[in-house]
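Here is what each chain is made of, one letter per residue.
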Amino acid sequence: MTIELRIDGVPIEVEDGATVLDALQLAGLDTPTLCYGPNLTPVNACRVCMVEVEGSRTLVPACSRPAEPDMVVSTNTDRVRHSRRLVLEFLASSVDLSVAPGVGAWLDEYGAEPSRFGADRATVGQPVKVQDDLYIRDYAKCILCYKCVEACGVDAQNTFAISVAGRGFEATISTEFDVALPDSACVYCGNCIGVCPTGALMFKTEFDMRENGTWDEDRQTVTETICSFCGVGCSLELFVQDNRIVKVLSPLDHDVTDGHLCIKGRFGWEHIQ
Amino acid sequence: MDIQLLADRPTAEERAAVDEVLGPPVSSWDGARQRRPVDEHVAFGGSAARAGRHLLLPALHALQDAIGAVSRGGLNYICERLTIPPAEAYGVAAFYHLLTVDAPGTPVAYVCDDIACRGAGVADLLGELDAGREDGTRIETSPCLGQCHAGSAAYVHRPGVPAHRVGVAPASAPGVLGALRGNAPAQAGAIPVPQPVTDRRVLRRVGAVDPASLDSYREHGGYAALAWAVERGPEEIVAEVEASRLMGRGGAAFPAGVKWRAVAGQPGPRYVICNADESEPGTFKDRVLLEYDPFAVIEAMTIAGLAVGAATGYLYIRGEYPLAEERLRAALDQARHAGLLGPVSMSGMFDFDIEIRRGGGAYICGEETALFNSIEGYRGEPRQKPPFPTEAGLFSRPTLVNNVETLVNVLDIVSEGGAAYAATGTESSTGTKLFCLSRDIATPGVYEFPFGITLGDVLEAAGGVTGELAAVLVGGAAGSFIGPDRLDTPLTFEGARAAGISLGSGVVMPFAVGTDFADITRRIAAFFEEETCGQCVPCRVGVVRQGEALGRLTTGRSRTDEVALIDDIARAMRDASICGLGHTASGAIQSAIALDLIGVS
């Protein structure tokens, strides 16, 4: 069954059960998203995909709102642009978004000026957590999108090593009592890295290369292959720079992995270097 | 579920505290120290243990009560018992301000420094307490403790079995220090209900009925409404509530009859929740009802359970209201013994019982969907609506949530009939309303008036403003300031809407000329910074940016820039936040600026 709704005056037909975001994508509209992931349950926490829906008092998160018949959605109103701009300014003024893909273009598109909140504004700046050789956690880059918590939990790994702890601006992603990762329930599947939209979670290899100034995406190639550790058949994307593997992802739309791997596929490649 | 626990083991004391809530463990699978032969062959726990997740917050409270902290070993034991990953349980514990996860347990006094108590020498009190406190005790400031009529207040928690939990209001240094040592507070002062009983309806039993006695409640007409309700049945009860045109008294003013009808029409199981998490600064009306007329709240919840077909009700009470909680627990016991709860045996039988859930110091948990998450054992973060609670609320089941005052109104609606009830008040605001008067007023307290009375007449009835009136805060921190030229504003839902304000929870807080409004508005901004859950970006960062801009504004920096910035922030919070906290976090500050109360020009 399909339903029809109007987006910026244009009728769009979507499958029943589709979200407003699905409809926006079908309409060819570029919608900023951060906490949304195609392989995760929407948490609608970042509020950057907000749209105006006729009859709704407040704006509506496109990522989680089911499309309804005859819904009238506007994406380019003053209200929508204002909210998106402010949300981007809130994030860019409090979080280090320097390596977050796509965000720079959105800041330009919505005319965001994070500096207008003053030079002595509060930020989530804090030291990087380097607790092992596999990946690092730089919560100065964390926008609290919940994606890592979801990937660690019921959306993928069912390990539950991390949760949001604390409250408000002080809230952070944390293990129980902030114990170090090797002492926590973490199984190093790295699925949190795969979904992190800001680079707060990063392969140690990438982190070290960035520190040394040798990280260069223009010199990287991506090789697709199938993981050879077991018979599941997970698709791997090997990011290679200077003939060395520097990180491993899996395509989000791959029907075996949904973008998720285990410790072997994600990190088990030192022996071929 | 395969979960990895911490290596830390509970002490005997911690184990006993948790077992008091969860019962003894069934087997070594869920925490028993002895492994029985059968445990080698049969697994216990599993989904049955996980179904107890709603006991997480009570179990955390039990640890906090016993040892003054949520220790590693204690948390680990709860996780073992309920099959909860430690990281999740830690995330829940760290959400609540009354739970301590980062320090050893000590007696602690939370001293109100919020807007009502702020004028009354709170800095002196804090200084005296800091100088006089014994080593190994803590003094912390607190948002409003719902004792605003007293002008100063503290909530003291001294760990032990049982814990010593008391409110001290008014709060003197000797009184608070004594409570920290475990002394019972001096006899409570007069009940803050100044009107003669003949002028009160919802409040008419307050002070007259013995809150510890079911017999006394019955002598004052108690349980007549339930008898009527049992006789007439669910359909007629809902019809009367609809006919009354009762609007919710918790702040959002939603028509109660619409909720009751919607929940009753959904498939079961259904739940009823009494929202007694009264935390809006300046509000103490629900506390007065809970402390002085607890059976009325229980009877009204029972009627609601019967009407919508719910077998279980939850009463979610603010953690800082120990006296109300104690009286409610005693009242629940008496009602159960008398066959008025559990299986309710009146002329017709039905099942309904009430569980109390204690909040952990989080304003946001008064938001109904955050309240569901809190009861279910998750962080008290609001959910995006739709779906609405009437369809998918507590445990994703249809749920009726009403505020304490709303529910108590139902007793008269049932007894008199909805149409007769609606004869009081105005067309769109029926019945009476409780108003909480505090701060610069001659006789602070909870007042009850038929809807239609003006702001000026409310102030007059409470003896008038002490000093020359500068502004009135209507609706609390989530409300707005209104100037002395607007005293003719009728305090009805429609009158408030027309005036661009909200009645909210019924706070009417006058401020006299000479008030340091820069300080007051900064405290309001700080309140939202402390209380935002942090889930959505507009609210989590917006309240911080608002506080910073207000700080610059009130210390004499560029007025135009900062005011425009605050307006920009407010608009995004109002449009894009998940819940009402973000939507309303700027109203008081923007109205104070518009009225030029901050005095930077």
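A quick note: this is a predicted structure, and the numbers were derived from the prediction, not measured.

Caption draft 1: Main features of the overall build of chain B. Counting its regular elements, chain B contains 24 helices and 14 strands. Against the 2.2 N^0.38 benchmark of 25 Å for 601 residues, chain B shows a C-alpha radius of gyration of 24 Å, consistent with a compact globule. Along the longest, intermediate and shortest principal axes, the C-alpha atoms of chain B span 80 × 60 × 45 Å. Within chain B, the fraction of its 601 residues that count as buried is 59%. Pairs at least 24 residues apart make up 72% of the contacts formed inside chain B by residues separated by at least 6 positions.

Caption draft 2: Looking closely at the interface of chain B and chain A. At the junction of the two partners, chain B supplies 38 residues and chain A supplies 40 residues. The element that contributes the greatest number of residues to the side of chain B that touches chain A is helix α21 (residues 537–554) of chain B, accounting for 9 residues.

Caption draft 3: Fine view of the nonpolar core. Ranked by size, the top nonpolar core spans 269 residues in total, and within it Ala93, Ala109, Ala154, Val297 and Ile303 of chain B carry the most contacts. The element that contributes the greatest number of residues to this core is helix α13 (residues 294–308) of chain B, accounting for 11 residues. In this structure, Val297 of chain B is in contact with Cys274, Leu289, Leu290, Val404, Leu407 and Val408 of chain B, ignoring residues within four places of it in sequence. Counting 8 residues, the second largest nonpolar core, distinct from the first, contains Leu236, Val248, Leu261 and Cys262 of chain A.

Caption draft 4: How the structure looks around the confidence of the model for chain B. Predicted confidence across chain B gives a mean pLDDT of 95, with 99% of residues reaching 70 or more. Here the complex is predicted with pTM 0.97, and the ipTM for its interfaces comes to 0.97.

Caption draft 5: Looking closely at the pairing of strand β12 (residues 469–474) of chain B. Residue and element names in this part refer to chain B. Summarising the sheet, β12 and strand β14 (residues 507–512) pair through 5 bridges and their orientation is antiparallel. From the neighbouring strand, Val472 faces β14, where its bridge partner is Pro510. As defined by bridge partners, β12 adjoins strand β13 (residues 480–482) across 3 bridges and the pair is classed as antiparallel. Each residue of the ladder has a partner; that of Leu473, found in β13, is Phe481.

Caption draft 6: Focus on the domain arrangement of chain A. Residues and elements named next belong to chain A. For chain A, the assigned domains are domain 1 (1–123) and domain 2 (135–272). In this complex, domain 1 contributes 17 residues to the contact, which on the side of domain 2 involves 20 residues. Of the residues belonging to the side of domain 1 that touches domain 2, the class tally is 13 nonpolar, 3 polar and 1 charged.

Caption draft 7: Representation of the sheet that holds strand β6 (residues 310–317) of chain B within the structure. Residues and elements named next belong to chain B. Pairing in this open sheet of 5 strands is mixed, and the strands run β7-β8-β6-β5-β9 from one edge to the other. The two strands at the open ends of the sheet, each matched to only one other strand, are β7 (342–345) and β9 (399–403). Pairwise comparison of adjacent strand axes, ignoring direction, gives a mean angle of 25° for this sheet. As judged from the 4 bridges shared by β7 and strand β8 (residues 349–358), these two strands associate in the antiparallel manner. Counterpart to Ser345 in the pairing with β8 is Met349. The strands touched by helix α11 (residues 256–264) are β5 (270–276) and β9; relative to β9, the strand with the most contacts, the crossing angle is about 155°. In the packing of helix α16 (residues 404–416) onto the sheet, the strands contacted are β5 and β9, and the crossing angle to β9 comes to about 95°.

Caption draft 8: Representation of the sheet that holds strand β1 (residues 108–112) of chain B in the model. Residue and element names in this part refer to chain B. Strand order across the open sheet formed by 4 strands is β2-β1-β3-β4, with mixed pairing between neighbours. Of all strands in the sheet, those with a lone pairing partner are β2 (138–142) and β4 (164–168), marking the two edges. Taken pair by pair, the neighbouring strands of this sheet meet at an average axis angle of 15°, ignoring direction. In the sheet, strand β3 (residues 154–158) pairs with β4 via 5 bridges, with the strands oriented antiparallel. If you follow Val156 over to β4, its bridge partner there is Val166. Its contacts with the sheet place helix α7 (residues 173–181) against β1, β3 and β4, and it is angled at close to 20° to β3.

Caption draft 9: Quick look at the environment of Glu13 of chain A. With respect to the helices and strands, the residue Glu13 of chain A is situated in strand β2 (residues 10–15). Sequence-distant contacts of Glu13 of chain A, defined by excluding residues within four places in its chain, comprise Thr2 and Glu4 of chain A.

Caption draft 10: Examining α21 of chain B more closely. Residues and elements named next belong to chain B. The terminal C-alpha atoms of α21, which comprises 18 residues, lie 25 Å apart, in line with the 26 Å expected from a rise of 1.5 Å per residue. Across the 18 residues that make up α21, a large majority, 15, are buried. Phi turns positive one or two residues past the end of α21, at Gly556, with a value near 90°.

Caption draft 11: Examining the environment of Lys141 of chain A more closely. Residue and element names in this part refer to chain A. In this structure, Lys141 sits in the loop between β6 (135–137) and α4 (147–152). Overall, the presence of 22 C-beta atoms within 10 Å leaves Lys141 in the buried class. Sequence separation between Lys141 and Gly125 is 16 residues, and the spatial gap between their C-alpha atoms is 7.9 Å. Excluding residues that lie within four positions of it along the chain, Lys141 makes contacts with Val95, Asp96, Thr198, Gly199 and Ala200.

Caption draft 12: The packing of helix α9 (residues 224–232) of chain B against α16 of chain B, seen in detail. Residues and elements named next belong to chain B. The contact between α9 and α16 brings their axes to 9 Å, and the two run at 55°. Relative to α16, the element α9 lies oblique. In this structure, α9 crosses over α16, and the sense of that crossing is left-handed. Contact residues: Ala224, Ala225, Trp228 and Ala229 in α9; Leu411, Val414 and Ser415 in α16. When its residues are assigned to classes, the contact of α9 with α16 shows 6 nonpolar, 1 polar and no charged.

Caption draft 13: Quick peek at the environment of Thr399 of chain B. Counting through the fold element by element, Thr399 of chain B comes out in strand β9. Ignoring sequence-local partners within four residues, the contact set of Thr399 of chain B consists of Val263, Arg270, Tyr271, Ile273, Pro389, Gly393 and Leu394 of chain B.

About the thresholds
Residues numbered from 1 in each chain as written. Chains lettered and ligands numbered in written order. Predicted model: local features only at pLDDT ≥ 70, side-chain atom pairs only at ≥ 80, totals over all residues. Helix = DSSP H or I, 4+ residues; strand = E, 2+ residues; numbered from the N terminus. Rg over C-alpha atoms; globule rule 2.2 N^0.38 Å. Buried ≥ 20, exposed ≤ 12 C-beta atoms within 10 Å, placed from the backbone. Contact = placed C-beta atoms within 7 Å. Core = buried A, V, L, I, M, F, W, Y, C linked by C-beta atoms within 7 Å. pLDDT = per-residue confidence, 0-100. Pairing = 2+ DSSP bridges. Domains from an automatic or database assignment. Nonpolar A, V, L, I, M, F, W, Y, C, P; charged D, E, K, R; others polar. Axes fitted to C-alpha atoms, helices over the stretch in contact; angles between N-to-C directions. Expected span 1.5 Å × (residues − 1). Parallel < 35°, antiparallel > 145°, perpendicular 65-115°, else oblique. Left-handed = near helix turned anticlockwise from the far one by under 90°.

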